[in-house]
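# Close look at the chain arrangement
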Amino acid sequence: MSGKKRLIDENGLRVDGRRWNELRPLKIEVGILSNVDGSARIIQGKTHILVGVYGPRESFAKHVSLPDRSVVRCRYRMAPFSVEERKSPAPSRREIELSKVIREALEPAILVEEFPRTIIDIFIEVLEADGGTRCASITAASVALADAGIPMKDLVAACAVGKADGKLIVDLSDMEDKYGEADVPVAIMPNKNIITLLQMDGTLTSDEFNALLQLAMKGCKRIHEVQRKALKDGFGEIKNLVLEE
Ligand code: UDP
């Protein structure tokens, strides 16, 4: 056995040349699809995702709707060509789980009680995946919901943090996700400082976990600036990728 893959070199640089506290280049476009009520495209490093939103629209299937609120549905899907090893087009367990996880991260921000007996549909198409697709999906979907004119308490911004070669890092790529020691996807409502998603895979001390949570909050807040710019101008891009220490 040759041992573990090295993810951080002697200069403290990650496999793609980033520092521990550096986000991947991020671009968000809004209103790019004509056949939906709201849409967004996110490109975060090599991760590339399209989101289309319909609603709130009246539900004809009465067993689906609720008398006191809108029902939010979410479908996360990875294209067969989105990953190196062709993914089967059939829905996987992971896609079904991520659809639920993403819906639950977005729902607290949506004023669902304003639209009883309606449905809000979120369709997420991952075109290219290089780690962090659940976070990028949440970031883009919340922008697409706002683009659809759906009233919200706040946007939801998401960012993964984790640990590789014993160092805490932000915005993990696929390789860091696979070979690192921990992966912690986080989503927040940035103005309200409410966490709507917090998962963890791997092992961390409680100090490391607390430091990572702070790092994730900083990452989400920087991503939130791009979301706001994208909603205002149709396009947002990150300029300063390094988060302050
Ligand atoms: N991935 C893959 N094939 C799959 C599913 C995932 O290559 O069938 C890769 C993809 O790059 C994805 C990464 O594994 O972004 C990490 O997946 P995870 O389940 O941790 O979710 P994510 O980090 O994308 O939210």
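Structural notes, computed from the coordinates. Residue positions are given per chain, counted from 1 along the sequence in the order it is written. Local features in this predicted model are restricted to residues whose pLDDT is 70 or higher, and side-chain atom pairs enter the listing and the counts only when it is 80 or higher, whereas totals over whole chains, interfaces and linings include all residues. Excluding hydrogens and water, the side-chain figures rest on all heavy atoms present in the structure.

## Side note on the site of the ligand
Note the cut-off: Here a residue is considered near a molecule or strand provided that any single heavy atom belonging to it is located within 4 Å of it. N or O atoms closer than or at 3.5 Å make up a polar contact, with two conditions inside protein: a donor-capable atom paired with an acceptor-capable one, and, for residues adjacent in sequence, both atoms drawn from side chains. Only runs of H or I of at least four residues qualify as helices and only runs of E of at least two qualify as strands under DSSP, and these elements are numbered from the N terminus. For this classification, the nonpolar set comprises Ala, Val, Leu, Ile, Met, Phe, Trp, Tyr, Cys and Pro, the charged set comprises Asp, Glu, Lys and Arg, and every other residue, Gly included, is treated as polar.
The immediate surroundings of the ligand are formed by Met78, Val83, Arg94, Ala129, Asp130, Gly131, Gly132, Thr133, Arg134, Asp174, Asp177 and Lys178. Measuring from an oxygen atom of the ligand, one finds a side-chain N or O atom of Asp177 at 2.9 Å. Of all the secondary structure elements, the ones that give two or more residues to the shell around the ligand are helix H2 (133–147) and helix H3 (174–179). The biggest single contributor to the shell around the ligand is H3, with three residues. Taken together, the residues that form the shell around the ligand break down as three nonpolar, three polar and six charged.

## Observations regarding the environment of Gly55
Keep this limit in mind: Partly exposed residues are those whose accessible area sits between 20% and 50% of the maximum for their type, while under 20% is buried and over 50% is exposed, using a 1.4 Å probe and protein chains only. By the convention used here, residues are in contact when the closest approach between their heavy atoms is within 4.5 Å.
Inspection of the secondary structure assignment puts Gly55 in strand S3 (residues 47–58). Accessibility expressed as a relative area gives 7% for Gly55, which makes it buried. Taking the C-alpha atoms as reference, Gly55 lies 8.8 Å from Leu145; in sequence the two are 90 residues apart. Excluding residues that lie within four positions of it along the chain, Gly55 makes contacts with Asp37, Ile119, Ala148 and Ile150.

## Points about the packing of aromatic side chains
Note the cut-off: Two aromatic rings, drawn from Phe, Tyr or Trp (for Trp, its six-membered ring), form a pair once their centres lie within 6.5 Å of each other, and the interplanar angle then sorts them: stacked below 30 degrees, edge-to-face above 60, tilted otherwise. Charge over a ring is defined by NZ of Lys or CZ of Arg lying within 6 Å of the ring centre and within 35 degrees of the ring normal.
Taken as a whole, this structure holds one aromatic pair when the rule is applied. Ring geometry for Tyr54 against Phe123: centres 6.0 Å apart, planes inclined by 85°, an arrangement best described as edge-to-face. Here Phe123 lies in strand S5 (residues 118–128) and Tyr54 lies in strand S3, a separation of 69 residues in the sequence. The ring of Tyr54 has Arg57 lying over it, and the distance from NZ or CZ to the ring centre is 4.6 Å.

## Regarding the pattern of salt bridges
Two side chains that carry opposite charge are able to pair once their charged atoms sit near each other. Short version of the rule: By salt bridge we mean one thing: a side-chain nitrogen of Lys or Arg within 4 Å of a carboxyl oxygen of Asp or Glu.
Applying the stated rule across the entire model yields 19 salt bridges. Among the ionic pairs, Glu125 bridges to Arg75, the shortest N-O distance being 2.7 Å. Taken together, the residues span a long stretch of sequence, with Glu125 in strand S5 and Arg75 in strand S4 (residues 71–78) at a distance of 50 residues. Where Glu208 meets Lys163, a salt bridge forms, and the shortest distance between an N and an O atom there is 3.0 Å. You can see Glu208 sitting in helix H4 (residues 206–233) and its partner Lys163 sitting in strand S6 (residues 157–164), a full 45 residues away along the chain. Like Lys163, Glu208 is buried. When salt bridges that share partners are traced, they join Arg14, Asp16, Arg18, Arg24, Asp171 and Glu176 into one network.

## Side note on the sheet that holds S5
Here is the rule we go by: Pairing between strands requires that DSSP locate at least two bridges from one strand to the other. Working convention: axes come from line fits to C-alpha atoms, limited for helices to the stretch in contact. Angles between N-to-C directions cover 0 to 180 degrees.
Taken in spatial order, the six strands line up as S4-S5-S3-S2-S1-S11 in an open sheet, and their pairing is mixed. At either margin of the open sheet sits one strand with a lone partner, and together these are S4 and strand S11 (235–237). Between one strand and the next, the sheet's axes are offset by a mean angle of 15°, whatever the strand orientation. Judged from the five bridges that link them, strand S1 (residues 26–30) and strand S2 (residues 38–44) form a sheet pairing that is antiparallel. Residue pairing in the sheet places Leu26 in a bridge with Gln44 of S2.

## Notes on the environment of Arg73
For Arg73, the position within the fold is in strand S4. We classify Arg73 as partly exposed; its relative accessible area is 36%. As for Arg73 and Arg103, which are separated by 30 residues in sequence, their C-alpha atoms are 6.8 Å apart. Once residues within four sequence positions are removed from consideration, Arg73 is found in contact with Val64, Arg103, Ile119, Ile120, Asp121 and Ile122.

## Section: the pairing of S1
Judged by which residues are buried, S1 turns out to be one-sided: Leu26, Ile28 and Val30 face inward and are buried, whereas Lys27 and Glu29, on the alternate face, are not. Here S1 pairs with S11 via three bridges, running antiparallel. Across the sheet, the residue bridging to Glu29 is Phe235, located in S11.

## Focus: the packing of H2 against H4
What counts here: Any angle that falls under 35 degrees is termed roughly parallel, while one over 145 is termed roughly antiparallel, one within 65 to 115 roughly perpendicular, and all others oblique. Definitions for this section: a left-handed crossing has its near helix turned counterclockwise from the far helix by less than a right angle. A right-handed crossing has that turn clockwise.
At a closest axis distance of 10 Å, the pairing of H2 and H4 adopts a crossing angle of 30°. Regarding the angle of H2 to H4, the classification is roughly parallel. Considering how the two elements wind past one another, H2 and H4 form a crossing that is right-handed. Contacts between H2 and H4 involve Thr139, Ser142, Val143, Ala146 and Asp147 from the first element and Ile223, Gln227 and Leu231 from the second. Looking at the contact of H2 with H4 residue by residue, the classes come out as four nonpolar, three polar and one charged.

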